[in-house]
Amino acid sequence: MFENFSLAPPDPILGLNAVFEKDPRPFKLNLTVGVFKDDQGRTPILESVRQAEAKIFQTQKTKGYLPIEGGKDFTDQVNRLILGEDFDFGRVATAHTPGGTGALRAAADTLLKVMPGRRFWVSNPTWANHNAVFQAAGFPVLSYAYLDAAKTGLDFDGLIRQLEQEGQPGDAVCLHACCHNPTGIDPTPAQWAVLSEVLAKKRMLPFIDFAYQGFGDGLEADAKPISILLKDHSELVICGSFSKNFGLYSERVGALLMISADSKITESVLSQMRVAIRCNYSNPPRHGEAIVATILSDPQLSKLWRSEVDAMRKRISEMRVGFIEGMKKRGKDFSFLASQKGMFSYTGLNAMQADWLKQEKGIYIVGTGRINVAGLTSDTLESVCDAVAQA
Ligand code: LMR
């Protein structure tokens, strides 16, 4: 029967990553997949993570199964990190999911039961996997305007117009809380407030992808759009990821938070989340969850971790500034990148230029022109600027 399988196209991000790994050329640089690199080009294990792991090694008593939604020590800490200390946590159903992608899929599977026939809206462009995940769960996926015609800023009027004209009550709208992937372009707080009102007026459900907390303006500042939305919305879905801010990419740690209008509903929501999770991956992996819970519950480790997040954010922003200046020296204006946030930037390079950079220079970027700014280093910056200017 298997001869009926045809060859599937490679993943636009992870597929390129695999090609990069096999590239034998000595000078090659990977600016594709969103992983943080230090100035030596390594993806480090954070010191707070190392210390938490040492503590876990000494104290962990079992590798028995966790509850379907993960341990309460983890979910309680995560609620506080994402929603702030003062939130009414009785309204929140939270589960540990394998990464942010696991949260997206568990959320979509859970929602499908209460909103069959409804639709998912994603930004145009969005993270390459959003469409696939929501479609695989069974939702029709539509896209709303995001990037302006010059491809350097937000088409906020187009975004609002489209959701106002075409949105239907009960549609879910996927929004990136900060560090929009792939463009790095975020709405301003004033724009978030308008967007929030429009969604509430249309009775559409905000569905927040929060994969880069701490990489925009800071851990608390990056959660601001959530508090803006909560002023107008009593129900919210949040998919968090700890791949980037804890550097726990391969440990697969994320969280799904579903906020209800009334704490009486929370147990029902959590029960439906459990059903969706149980028939998918059953229950979450322990190690990454233990690391996050250990760090967030220990004041000293928490302090260390916060300083490490700040340092990662600072390095990314230095590389962004360095790239803009390097391009300026070569007579190219990339100043629009300055207002972008997080790991990624849309450079405006097209697929042909991306391919040329790969073939001729060994520099890998995503075909849409997205670069992982966090993959640049002081040593590679000049040659990348030369190559991009030439492209
Ligand atoms: C990315 O966009 O590169 C990251 O979110 C990693 C991934 O899984 O695609």
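Rules behind the numbers
- Residues numbered from 1 in each chain as written.
- Predicted model: local features only at pLDDT ≥ 70, side-chain atom pairs only at ≥ 80, totals over all residues.
- Heavy atoms only, no water.
- Helix = DSSP H or I, 4+ residues; strand = E, 2+ residues; numbered from the N terminus.
- Buried < 20%, exposed > 50% of the residue type's maximum accessible area, 1.4 Å probe, protein only.
- Contact = heavy atoms within 4.5 Å.
- Pairing = 2+ DSSP bridges.
- Axes fitted to C-alpha atoms, helices over the stretch in contact; angles between N-to-C directions.
- Phe/Tyr/Trp six-rings, centres within 6.5 Å; stacked < 30°, edge-to-face > 60°.
- Lys NZ or Arg CZ within 6 Å of the ring centre and 35° of its normal.
- Near = heavy atom within 4 Å.
- Polar contact = N/O pair within 3.5 Å; in protein donor to acceptor, adjacent residues only side chain to side chain.
- Areas by Shrake-Rupley, 256 points an atom, 1.4 Å probe, with all protein chains shown as cover.
- Nonpolar A, V, L, I, M, F, W, Y, C, P; charged D, E, K, R; others polar.
- Disulfide = S-S within 2.5 Å.
- Salt bridge = Lys/Arg side-chain N within 4 Å of Asp/Glu carboxyl O.
- Patch = residues over 30% accessible without salt bridge, like charges linked within 9 Å, V, L, I, M, F, W, Y side chains within 5 Å.
- Domains from an automatic or database assignment.
- Buried area = accessible area lost by both parts, 1.4 Å probe.

**So, the environment of G214**
Stage number 1. Tracing the backbone shows G214 in the loop between strand 6 (205-210) and helix 8 (224-232).
Stage number 2. You can call G214 buried: its relative accessible area is 0%.
Stage number 3. Residues G214 and K244 lie 30 residues apart in sequence; the distance between their C-alpha atoms is 9.0 Å.
Stage number 4. Beyond its immediate sequence surroundings of up to four residues, G214 is in contact with L219, D222, V309 and R313.

**A closer look at unusual backbone geometry**
Generally, phi is negative for residues other than glycine and the peptide bonds are trans, each holding for most cases.
Stage number 1. The residue after N124, namely P125, is reached through a cis peptide bond having omega 5°.
Stage number 2. By secondary structure assignment, the location of P125 is in the loop between strand 3 (120-124) and helix 5 (128-137).
Stage number 3. The step from N181 to P182 runs through a cis peptide bond, and the omega angle for that step is 20°.
Stage number 4. Relative to the helices and strands, P182 resides in the loop between strand 5 (172-176) and helix 7 (189-202).
Stage number 5. Even without being a glycine, C179 presents a positive backbone phi close to 55°.

**Looking at the sheet that holds strand 2 (residues 92-97)**
Stage number 1. Taken in spatial order, the seven strands make up an open sheet running 2-8-7-6-5-3-4, and their pairing is mixed. Unpaired on one side and paired on the other, strand 2 and strand 4 (141-145) mark the two borders of the sheet. On average, each strand axis in the sheet is tilted by 25° relative to the strand beside it, whichever way the strands run.
Stage number 2. Looking at chain direction, strand 3 and strand 5 are connected through two bridges and run parallel. Bridging across to strand 5, F120 finds its partner in A172.
Stage number 3. On the sheet, helix 3 (residues 72-83) packs against strand 2, strand 6, strand 7 (236-241) and strand 8 (254-259) and is oriented at approximately 70° with respect to strand 8.

**Observations concerning the packing of aromatic side chains**
Stage number 1. Within this structure, the stated rule accounts for 14 aromatic pairs.
Stage number 2. A ring pair is formed by F134 and F207, whose centres lie 5.4 Å apart and whose planes are at 85°; its orientation type is edge-to-face. On the criterion of sequence distance, the pair formed by F134 in helix 5 and F207 in strand 6 is long-range, its members being 73 residues apart.
Stage number 3. Chaining the aromatic ring pairs together yields one cluster made of F74, F242, F246 and W305.
Stage number 4. For the cation-ring pair, K28 lies above F20, with the distance from its terminal atom to the ring centre recorded as 4.4 Å.
Stage number 5. For R370, the ring lying beneath its charged end belongs to F344, and the centroid distance is 3.6 Å.

**Some thoughts on the site of the ligand**
Stage number 1. Near the ligand you find I13, V33, G34, W127, N181, Y212, K244, F344 and R370, and these make up its full shell.
Stage number 2. A distance of 3.0 Å is found between an oxygen atom of the ligand and a side-chain nitrogen or oxygen belonging to N181.
Stage number 3. The contact in question runs from an oxygen atom of the ligand to an N or O atom on the side chain of R370, over 2.8 Å.
Stage number 4. Protein burial of the ligand: of its 260 Å² of free accessible surface, 82% is covered by the chains.
Stage number 5. Within the shell around the ligand, the residues separate by chemical class into five nonpolar, two polar and two charged.

**Focus on the state of the cysteines**
Stage number 1. Scanning the model with the defined rule gives zero disulfides in all.
Stage number 2. With no disulfide of its own, C178 lies 3.7 Å from the sulfur of C179, the closest cysteine sulfur.

**Observations regarding the pattern of salt bridges**
Stage number 1. This structure, assessed with the given rule, holds 20 salt bridges.
Stage number 2. Residue E267 pairs with R274 through a salt bridge whose shortest N-O separation is 3.4 Å.
Stage number 3. Its relative accessible area of 24% is what places R274 among the partly exposed residues.
Stage number 4. As a salt-bridge pair, D386 and R330 come within 2.7 Å of each other at their nearest N and O atoms. Placement of the pair is D386 in helix 13 (residues 381-390) and R330 in the loop between helix 11 (299-329) and strand 9 (344-346), with a sequence separation of 56 residues.

**Points about a nonpolar patch on the surface**
Stage number 1. On the surface, a cluster of nonpolar side chains totalling about 500 Å² of accessible area is made up of M1, F2 and F5.
Stage number 2. You can see F2 is positioned in the segment before helix 1 (14-22).

**Comments concerning the environment of A150**
Stage number 1. Within the secondary structure, A150 is located in the loop between strand 4 and helix 6 (156-166).
Stage number 2. For A150 and G348, which are 198 residues apart along the polypeptide, the C-alpha to C-alpha distance reads 8.7 Å.

**So, the domain arrangement of the chain**
Stage number 1. Under the domain assignment used here, the chain contains domain 1 (11-44 + 311-390) and domain 2 (65-297).
Stage number 2. Taken together, the contact pairs 19 residues of domain 1 with 21 residues of domain 2.
Stage number 3. Where domain 1 abuts domain 2, roughly 1700 Å² becomes buried across the two surfaces, and 63% of that area is made up of carbon and sulfur atoms.
Stage number 4. On the domain 1 side of the interface with domain 2, the three residues burying the most area are R313, K341 and Y346, jointly 37% of the side's total.
Stage number 5. Across the contact surface, domain 1 and domain 2 share one salt bridge.
Stage number 6. In this structure, D217 and K341 form a salt bridge, with 3.3 Å as the shortest nitrogen-oxygen distance.

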